[in-house]
Amino acid sequence: MAKLSMIEREKKREKLNKKYLSKINMIKEKLKDKKTSDEEAMELRINLQKIPLNALAVRKRNRCALTGRPRGVYRKFTLGRTKLREMAMQGLIPGLTKASW
């Protein structure tokens with residue numbers, strides 16, 4: 001089980017990302033536009049730098065939905081490898097079977 005503080009930090013980052021996503025996209029679109037002058041571009045870059053770093057999508061980390069484990073997480077199931085295996089062996093995940101040959 002991951003530390004509760006780390007899980008809460010990830011939730012905070014997710015909330016910040018949702019809050020600032022439209023603003024970040026708007027600024028980036030204006031920067032890509034060829035019609036913006038150099039002064040406007042500088043001002044837009046300064047505004048982009050003022051956005052909190054935890055609002056950036058790069059800061060997000062995939063975590064297991066059950067345990068909060070940060071590594072070995074399958075995106076399709078949002079479960080860590082150990083919990084995915086346990087649930088698959090119990091038959092809780094439809095269509096997923098253990099490979100045997």
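This one's a predicted model, so the numbers in the text were calculated from it and none came from an experiment.

*Asks:* Hey, could you run me through the overall build of the protein chain in this one?
*Replies:* The secondary structure content of the protein chain amounts to 3 helices and 2 strands. Helices and strands appear in the protein chain in the N-to-C order α-α-β-β-α. Taking 101 residues into account, the globule formula puts the C-alpha radius of gyration at 13 Å, and the protein chain, at 20 Å, lies well above it. Summarising its shape, the C-alpha atoms of the protein chain cover approximately 65 × 35 × 20 Å along the three principal directions. Looking at the 101 residues of the protein chain, the share that counts as buried comes to 23%.

*Asks:* Please clarify how the nonpolar core should be interpreted in this entry.
*Replies:* Nonpolar side chains in soluble globular proteins generally cluster together in the buried interior. If you look at the biggest cluster of nonpolar residues, it comprises 7 residues: Leu16, Tyr20, Ile24, Ile27, Leu44, Ile51 and Ala55. With 4 residues, helix 1 (residues 4-32) is the largest single contributor of residues to this core. Setting aside chain neighbours within four positions, we find Ile24 in contact with Leu48, Ile51, Ala55 and Leu56. Counting 5 residues, the second largest nonpolar core, distinct from the first, contains Cys64, Leu79, Leu84 and Ile93.

*Asks:* Before we go on, may I ask you to explain the pattern of salt bridges in this structure?
*Replies:* A side chain with one charge may pair with a side chain of the opposite charge, provided their charged atoms come close. Inspection of the entire model under this criterion finds 4 salt bridges. Glu8 is paired through a salt bridge with Lys11; the nearest N and O atoms lie 3.4 Å apart. Within this pair, Glu8 and its partner Lys11 are both found in helix 1, separated by 3 residues, close to a single helical turn.

*Asks:* Is there a simple way to think about the packing of helix 1 against helix 2 (residues 38-50) in this case?
*Replies:* A pair of packed helices is captured by two measures, namely the crossing angle of their axes and the spacing between those axes. In the contact formed by helix 1 and helix 2, the axes pass within 10 Å of each other and the chain directions differ by 155 degrees. As summarised for this structure, helix 1 and helix 2 are arranged roughly antiparallel, according to the angle between their axes. Seen from above, helix 1 lies across helix 2 with left-handed handedness. Contact with helix 1, carried on its side by Ile24, Ile27, Lys30 and Leu31, involves Ala41, Leu44, Arg45, Asn47 and Leu48 of helix 2 and no other residues of that element. Considering only residue class, the contact of helix 1 with helix 2 consists of 6 nonpolar, 1 polar and 2 charged.

*Asks:* For this particular structure, what's the right way to read the side chain of Arg63?
*Replies:* If you trace the backbone, Arg63 turns up in the loop between helix 2 and strand 1 (73-74). The residues touching Arg63, leaving out its near neighbours within four places in the chain, are Ala2, Met6, Glu10, Gly68, Arg69, Pro70, Val73 and Thr78.

*Asks:* When you look at helix 1 in this model, what are you seeing that I'm missing?
*Replies:* Two residues of an α-helix separated by three or four positions point the same way, owing to the 3.6 residues in each turn. Compared with an ideal rise of 1.5 Å per residue, which puts 29 residues at 42 Å, helix 1 spans 40 Å between its outermost C-alpha atoms and is within 8% of the ideal. At Tyr20, helix 1 shows its strongest bend, of approximately 50 degrees. Along helix 1, the positions that sit buried rather than exposed are Ile7, Glu10, Arg13, Leu16, Asn17, Tyr20, Ile24 and Ile27. Looking at the buried side of helix 1, the elements it contacts are helix 2.

The rules behind these values
Position numbers for residues start from 1 in each chain and track the written sequence from start to end. Confidence filtering applies because this is a predicted model: local features only for residues at pLDDT of at least 70, side-chain atom pairs given and counted only at 80 or more, and all residues used for totals across whole chains, interfaces and linings. With hydrogens and water set aside, each side-chain value is computed from the structure's full complement of heavy atoms. Secondary structure elements follow DSSP: runs of H or I no shorter than four residues count as helices, runs of E no shorter than two count as strands, and numbering proceeds from the N terminus. Atoms counted for the radius of gyration: C-alpha only. Globule rule: 2.2 Å times residue count to the power 0.38. Relative accessibility thresholds used throughout: buried, under 20% of the residue-type maximum; exposed, over 50%; partly exposed, between the two (1.4 Å probe, protein chains only). Definition used in this section: a nonpolar core is a set of buried Ala, Val, Leu, Ile, Met, Phe, Trp, Tyr and Cys residues joined via side-chain atoms within 4.5 Å. Contacts were defined at the residue level, with two residues in contact if any of their heavy atoms lie within 4.5 Å. Between Lys or Arg on one side and Asp or Glu on the other, a salt bridge is scored when a side-chain nitrogen of the former is within 4 Å of a carboxyl oxygen of the latter. Only the contacting stretch of a helix is used when fitting its axis, a line to C-alpha atoms as for every element, and angles between N-to-C directions run 0 to 180 degrees. Note that the term roughly parallel is reserved for angles under 35 degrees, roughly antiparallel for angles over 145, roughly perpendicular for angles of 65 to 115, and oblique for everything else. Crossings are assigned a handedness: left-handed for a near helix turned anticlockwise from the far helix by less than a right angle, right-handed for a clockwise turn. Polarity classes work like this: nonpolar for Ala, Val, Leu, Ile, Met, Phe, Trp, Tyr, Cys and Pro, charged for Asp, Glu, Lys and Arg, and polar for all others, with Gly in that last group. Helix span is expected to be 1.5 Å times the residue number reduced by one. Here the bend at a residue is taken as the angle between two axes, fitted respectively to the seven residues that end there and the seven that start there.

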